[in-house]
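# Observations on the model geometry
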Amino acid sequence: MIHVLKHVESITQHRDRALLELGVASALFELVKAQEVNLYKASQHGEETYLARVTHVGQDGVSYSQSEFDEGGEPLPLHDRPEMIASVEQSQIVRRHDTERNLHIHCFPISIDSRVLGVLEVVCGAPLADDDLGTAEGFLGLYRNYLSLLDYSERDTLTGLLNRKTFDENLSKILGHLLSSQDGDAATAQRRRVQHDEGNHWLAVLDVDHFKRVNDQFGHLYGDEVLLLLARLMLESFRHQDRLFRFGGEEFVVVLRATSEEEVATALERFRNTVENRDFPQVGRVTISIGYTAVHARDSIPDIVGRADEALYFAKENGRNQVCSYELLLGTGKIMPRAAPESEMELF
Ligand SMILES: Nc1nc2c(ncn2[C@@H]2O[C@H](COP(=O)(O)OP(=O)(O)OP(=O)(O)O)[C@@H](O)[C@H]2O)c(=O)[nH]1
């Protein structure tokens, strides 16, 4: 009992998803004497659901993805693993005997508010006894509750998008990853490049045009409705690995991964066009302006946001309802380079 409580204490001291997940997997690995425990996260690509392994605890060691932006191992099409399909679709624990390896695989669905978030896989030499099944379910319940709390503190209450606090944390993690893949040894850098082969990171700031007029003409409630609908359109338009934030007011931020500037420009232009052609209830036509920039390893967060803001400011000053790239504006001489900090301070 004391042993179990120690695990609970260690799990609940984390405010970081990856550490929380690692804590749950390690606790189960030890308590039910598993051969390995894996946590898979579900994601949707079109019609197909994929599972990516984000946490692994086994006799060969421990591994986990360190960032929201690190998708972990290669996504696994769900149809390759029938026990996982059954677990996700029927939302119940499914057990399979892998006769080749003589292992018993137990799949526990992880869902919150009937949304399937993933699967916890517990691999053992023998089927789990009722007591151990109870332990696993208990830890899953703890994990789910804790995840809901984390989710609540990370989201903007009006739109449900990620909030400003989460933005700083996420972007710091990305910069940390970029730096370590630049500075690390060649093998690590190569592995990270493979993991990140979906391209570089870009940051876009989106702002509703003349939003004050919407509030003044239709009232604050309709203004809020516009923000809510806009957030929904963002969720529909951008890809699952792009991160969407509400920065406050009528300003939104998207952190995207793309292989080229054209790809980012196309995604943002498509979204601008979607908004322009949408009929917002009562309010009618709404447009947005967007500024974006590339994210580099040695960037600071204020610098990145400052560059995207400068491109946004240019879009606003030059007719609104358009997408502007900081780098393109700079390259064509439409804006001046931003002043470098006067001196670099070192703090000890
Ligand atoms: N309804 C609603 N309005 C908000 C919220 N947060 C900020 N606002 C309003 O958003 C408006 C922002 O106006 P401005 O920054 O002047 O810009 P704008 O009218 O959008 O004009 P441009 O950005 O120059 O195109 C203000 O009227 C704020 O009161 C919110 O959560 N809900």
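Residues numbered from 1 in each chain as written. Predicted model: local features only at pLDDT ≥ 70, side-chain atom pairs only at ≥ 80, totals over all residues. Heavy atoms only, no water.

Note the following rule: UniProt positions are given in the numbering used here, feature names are shortened, and annotations may be inferred rather than shown by experiment.
The name an unreviewed UniProt entry gives the protein chain is diguanylate cyclase, with Zoogloea dura as the organism. What the UniProt record of the protein chain gives under Catalytic activity (unreviewed entry) is the line "2 GTP = 3',3'-c-di-GMP + 2 diphosphate".

## What to know about the overall build of the protein chain
Let me state the cut-off plainly: Only runs of H or I of at least four residues qualify as helices and only runs of E of at least two qualify as strands under DSSP, and these elements are numbered from the N terminus. Buried means the residue's accessible area, taken with a 1.4 Å probe over protein chains only, is under 20% of the maximum for its type, while exposed means over 50%, and partly exposed covers the values in between. Computed by Shrake-Rupley with a 1.4 Å probe, the accessible areas treat only the displayed protein chains as cover when residues are assessed.
Each helix and strand counted, the protein chain has 11 helices and 12 strands in total. Within the protein chain, the proportion of its 348 residues that are buried is 47%. A total of about 18300 Å² of accessible surface is found on the protein chain, and carbon and sulfur atoms cover 50% of it.

## Considering the pattern of salt bridges
Put simply, the test is: We count a salt bridge whenever a side-chain nitrogen from Lys or Arg sits within 4 Å of a carboxyl oxygen from Asp or Glu.
Summed over all chains, the structure comprises 15 salt bridges. With a closest N to O distance of 3.2 Å, Glu21 and Lys41 form a salt bridge. Here Lys41 lies in strand 1 (residues 36-45) and Glu21 lies in helix 2 (residues 17-31), a separation of 20 residues in the sequence. Looking at Glu21, the relative accessible area reads 3%, which means it is buried. Across the pair Asp207 and Lys316 runs a salt bridge, and its minimum N-O distance is 2.7 Å. Placement of the pair is Asp207 in strand 8 (residues 200-208) and Lys316 in helix 10 (residues 301-317), with a sequence separation of 109 residues. Summarising the burial analysis for this pair, Asp207 and Lys316 share the class buried. Several salt bridges share partner residues, and in doing so they unite Glu269, Arg272, Glu276 and Arg285 into one network.

## Focus: helix 7 (residues 211-218)
One turn of the α-helix equals 3.6 residues, which is why residues spaced by three or four share an orientation. Let me state the cut-off plainly: Of all possible arcs, the one meant is that of the directions from the helix axis to the C-beta atoms.
Turning to helix 7, its buried residues are Phe211, Val214 and Asn215. Looking straight down helix 7, one finds its buried side chains confined to an arc of 95 degrees; they lie on one side. Opposite the packed face of helix 7, turned more than 90 degrees from it, sit the exposed residues Lys212, Arg213, Asp216 and Gln217.

## Focus: the packing of helix 7 against helix 8 (residues 220-237)
The relative placement of two packed helices is expressed as an angle between their axes plus a distance between the axes. Filter applied, for reference: Helix axes are fitted only over the stretch in contact, all axes being lines through C-alpha atoms; the angle between N-to-C directions runs from 0 to 180 degrees. Roughly parallel covers angles under 35 degrees, roughly antiparallel covers those over 145, roughly perpendicular covers 65 to 115, and oblique covers all other angles. Here, residues are in contact when the closest pair of their heavy atoms is within 4.5 Å. Amino acids are sorted into nonpolar (Ala, Val, Leu, Ile, Met, Phe, Trp, Tyr, Cys and Pro), charged (Asp, Glu, Lys and Arg) and polar (every other residue, Gly among them).
Closest axis-to-axis distance for the helix 7/helix 8 pair is 6 Å, and the angle between their directions is 135 degrees. On the basis of their axis angle, the class for helix 7 and helix 8 is oblique. In this structure, helix 7 uses Phe211, Val214, Asn215 and Phe218 to contact helix 8, whose residues at the interface are His220, Tyr222, Gly223, Val226 and Leu227. Residues of the contact of helix 7 with helix 8, tallied by class, amount to 6 nonpolar, 3 polar and no charged.

## A word on the environment of Ile335
Along the chain, Ile335 falls in the segment after helix 11 (326-331). What makes Ile335 buried here is its relative accessible area of 11%. Considered as a pair, Ile335 and Phe280 are 55 residues apart in the sequence and their alpha carbons are 34 Å apart. Apart from the residues lying within four places of it in its own chain, the contact partners of Ile335 are Glu310, Phe314, Tyr326, Leu329 and Leu330.

## What to know about the site of the ligand
Heads up, the condition is: Near is defined per residue: the residue qualifies when any heavy atom it owns lies within 4 Å of the molecule or strand. Any pair of nitrogen or oxygen atoms within 3.5 Å is treated as a polar contact; in protein, a donor-acceptor pairing is required on top of that, and neighbouring residues in sequence qualify only through side-chain atoms on both sides.
The environment of the ligand is formed by 16 residues, the closest being His210, Phe211, Asp224, Arg246 and Arg320. A distance of 2.8 Å separates an oxygen atom of the ligand from a polar atom in the side chain of Arg246. About the coverage of the ligand: the protein hides 66% of its 670 Å² of free accessible area. At the level of elements, strand 8, helix 7 and helix 8 are the ones that each hand at least two residues to the shell around the ligand. Per-element accounting of the shell around the ligand gives the leading share, 4 residues, to helix 8. Residues that form the shell around the ligand fall into these classes: 3 nonpolar, 5 polar and 8 charged.

## Some points on the environment of Ala294
Counting through the fold element by element, Ala294 comes out in strand 11 (residues 288-294). Not counting residues up to four positions away in its chain, the partners in contact with Ala294 are His201, Trp202, Asp299, Arg307 and Glu327.

## Remarks on the pairing of strand 11
This is how it is decided: Pairing between strands requires that DSSP locate at least two bridges from one strand to the other. Seen with its strands pointing away from the viewer, a crossover is right-handed when the path leading from the first strand over the helix to the second is clockwise.
Of all the 7 residues making up strand 11, 7 are buried; the element is thus mostly covered by neighbouring parts of the structure. Of the strand pairs in this sheet, strand 8 and strand 11 are connected by 7 bridges, and their pairing is antiparallel. Its bridge partner being in strand 11, Leu203 is matched across the sheet by Thr293. In terms of handedness, the path from strand 11 via helix 10 over to strand 12 (residues 323-325) forms a crossover that is left-handed.

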